[in-house]
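The lines below spell out each chain.
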Amino acid sequence: MLRNKMNQNYIGILYIIPTPIGNLSDITHRALKILNTVNIIAAENIQHTNLLLQHFNIKNFLISLNKNNEKKQSDHLINELKIGKKIALVSNAGTPIINDPGNLLIKKCHNCNIQVIPLPGPCAAITALSASGLMYGRFCYEGFLPSKKQIRRNLLYSLREETRPIIFYESKYRILESIQDIIEQIDENRHIVIAREITKKWESIYGAQAAVLLKWLKEEKNRYKGEMVIIIDGFKKSKNHNLDKKILDTFFMLRNFCTVKTSVFITAKIHNFNKNNLYQYVIKNKHDKKV
Ligand code: SAM
């Protein structure tokens, strides 16, 4: 059961502290105050966090909590919290837990009725989304795109009709390949935004149709250097029955051998697509020889 302030068993507190994703001024007063006063800072990387603390003249006791030692360290930290210690959890950048270690510790806190206090702060996904122009009230967060090609392609294909904008984290090493996969698995005309080096010197945010963006990126390596977030615009239910090329290709191929009804039925099955949309297309384009 999730605990709340009314039923806590222990006086220890775990604070979740977001840290800057580039610009050090993006840390809050409250975050600094807590980093100064807790008994322990649990950091994804001690050296990295030490640089941050030095910048703000904070001296405190650090222990590491990363994906390799998360289980052992979480048990240790829970024992410290049970005896009343206050602990701050930080990652290398942004909000801990969001594609960063720490979730196991949070779960254990809830199981032991230890208070967890999250602070608001920097997060690359949300910051990128806010500037993307693709946000219409809802979004879908997918973390890092899978590194294995086929798994990545399957995932993208499964998201081709996701109507919310989709946020991915991506590295400069795979960005070109990933956009190529978006073109092949989703749509070369789908609008994509890349938010790169947010809050840093070379911050840039650019968007275009997938194929156009890929061509533009390939022209100049500097255009995809550094850290980045990709946002894929949500699937727009075709107002003018402007269907995905893959769906139409399948339909027209089948139409050479089958009736309209059967072609629509099989196409809808193959692409897991609403057959009524395809019927509407057929009705609207009935004078087209191919239909
Ligand atoms: N917890 C972090 C957060 O709240 O944003 C994310 C951690 S994840 C391990 C790191 C990834 O976030 C990077 O590979 C990149 O995709 C994205 N990222 C982090 N900082 C960024 C920045 N300044 N600009 C663009 N993307 C960034």
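Residues numbered from 1 in each chain as written. Predicted model: local features only at pLDDT ≥ 70, side-chain atom pairs only at ≥ 80, totals over all residues. Heavy atoms only, no water.

**Regarding the site of the ligand**
Next, step 1: Taken together, 19 residues sit near the ligand, with T95, I98, D100, A124 and M228 positioned nearest.
Next, step 2: The separation between a nitrogen atom of the ligand and a polar main-chain atom of I21 is 2.9 Å.
Next, step 3: Between A124 and the ligand, the recorded distance is 2.7 Å, taken from a backbone N or O atom to an oxygen atom.
Next, step 4: Alone, the ligand offers 570 Å² of accessible surface; in the complex the protein occludes 91% of this.
Next, step 5: Of the residues belonging to the shell around the ligand, the class tally is 11 nonpolar, 3 polar and 5 charged. (Near = heavy atom within 4 Å. Polar contact = N/O pair within 3.5 Å; in protein donor to acceptor, adjacent residues only side chain to side chain. Areas by Shrake-Rupley, 256 points an atom, 1.4 Å probe, with all protein chains shown as cover. Nonpolar A, V, L, I, M, F, W, Y, C, P; charged D, E, K, R; others polar.)

**Section: the environment of E177**
Next, step 1: In this structure, E177 sits in helix α7 (residues 175–185).
Next, step 2: Overall, the relative accessible area of 38% leaves E177 in the partly exposed class.
Next, step 3: Remark: the alpha-carbon pair of E177 and V116, spanning 61 residues in sequence, is separated by 40 Å.
Next, step 4: Residues in contact with E177, not counting those within four places in the same chain, are K149 and R152. (Helix = DSSP H or I, 4+ residues; strand = E, 2+ residues; numbered from the N terminus. Buried < 20%, exposed > 50% of the residue type's maximum accessible area, 1.4 Å probe, protein only. Contact = heavy atoms within 4.5 Å.)

**Concerning helix α2 (residues 46–55)**
Next, step 1: Every buried residue belonging to α2 is among T49, L52 and L53, and all of these are buried. Taken down its axis, α2 places every buried residue within 100 degrees of arc, on the same side. In α2, those exposed residues whose orientation departs by more than 90 degrees from the buried face are Q47, L51 and Q54.
Next, step 2: As for α2, its buried residues are in contact with α1 (29–37), β2 (40–43), β3 (62–64) and β4 (86–90).
Next, step 3: With a side-chain oxygen lying 3.0 Å from the backbone nitrogen of Q47, the N-terminal cap of α2 falls on N45.
Next, step 4: Positive phi appears at N57, one or two residues downstream of α2, with a value of about 60 degrees. (Arc of directions from axis to C-beta.)

**Some remarks on the sheet that holds strand β5 (residues 115–118)**
Next, step 1: An order of β3-β2-β4-β1-β5 is seen for the 5 strands of this open sheet, with the pairing classed as parallel. Two strands close off the open sheet at either side, each with one partner strand: β3 and β5. The average undirected angle you get between the axes of adjacent strands in this sheet is 25 degrees.
Next, step 2: As paired strands, strand β1 (residues 13–16) and β4 are joined by 4 bridges and run parallel to one another. Residue L14 lies in a different strand from β4, and its bridge partner there is I87. (Pairing = 2+ DSSP bridges. Axes fitted to C-alpha atoms, helices over the stretch in contact; angles between N-to-C directions.)

**Description of the pairing of strand β10 (residues 228–232)**
Next, step 1: Of all 5 residues in β10, 5 are buried; the element is thus mostly enclosed.
Next, step 2: Both faces of β10 are covered, namely the face carrying M228, I230 and I232 and the face carrying V229 and I231.
Next, step 3: As defined by bridge partners, strand β7 (residues 166–170) adjoins β10 across 5 bridges and the pair is classed as antiparallel. Each bridged residue has a counterpart across the sheet, and for E170 the counterpart in β10 is M228.
Next, step 4: Bridge count between strand β8 (residues 191–196) and β10: 5 bridges; the pairing is antiparallel. Opposite I192, over in β10, you have I232 as the bridge partner.

**Re α1**
Next, step 1: Those residues of α1 that sit buried are A31, L32, I34 and L35. Buried residues of α1 fall within an arc of 165 degrees about the axis and therefore sit on the same side. Exposed side of α1, more than 90 degrees from the buried face: H29, K33 and T37 are the residues found there.
Next, step 2: Contact partners of the buried residues in α1: β1, β2, α2 and β4.

**Focus: the domain arrangement of the protein chain**
Next, step 1: By the assigned domains, the protein chain splits into domain 1 (13–121), domain 2 (125–232) and domain 3 (245–284).
Next, step 2: For domain 1 and domain 2, the distance between their C-alpha centres works out to 29 Å.
Next, step 3: Buried surface at the junction of domain 1 and domain 2, summed over both partners, amounts to about 510 Å²; 55% is from carbon and sulfur atoms.
Next, step 4: When the buried surface of domain 1 facing domain 2 is broken down by residue, I21, I98 and N99 rank first, second and third, together holding 75% of it.
Next, step 5: Here domain 1 and domain 2 share 2 residue pairs in polar contact (both at pLDDT 80 or more) between them.
Next, step 6: Here the residues of the side of domain 1 that touches domain 2 sort into 2 nonpolar, 3 polar and 1 charged. (Domains from an automatic or database assignment. Buried area = accessible area lost by both parts, 1.4 Å probe.)

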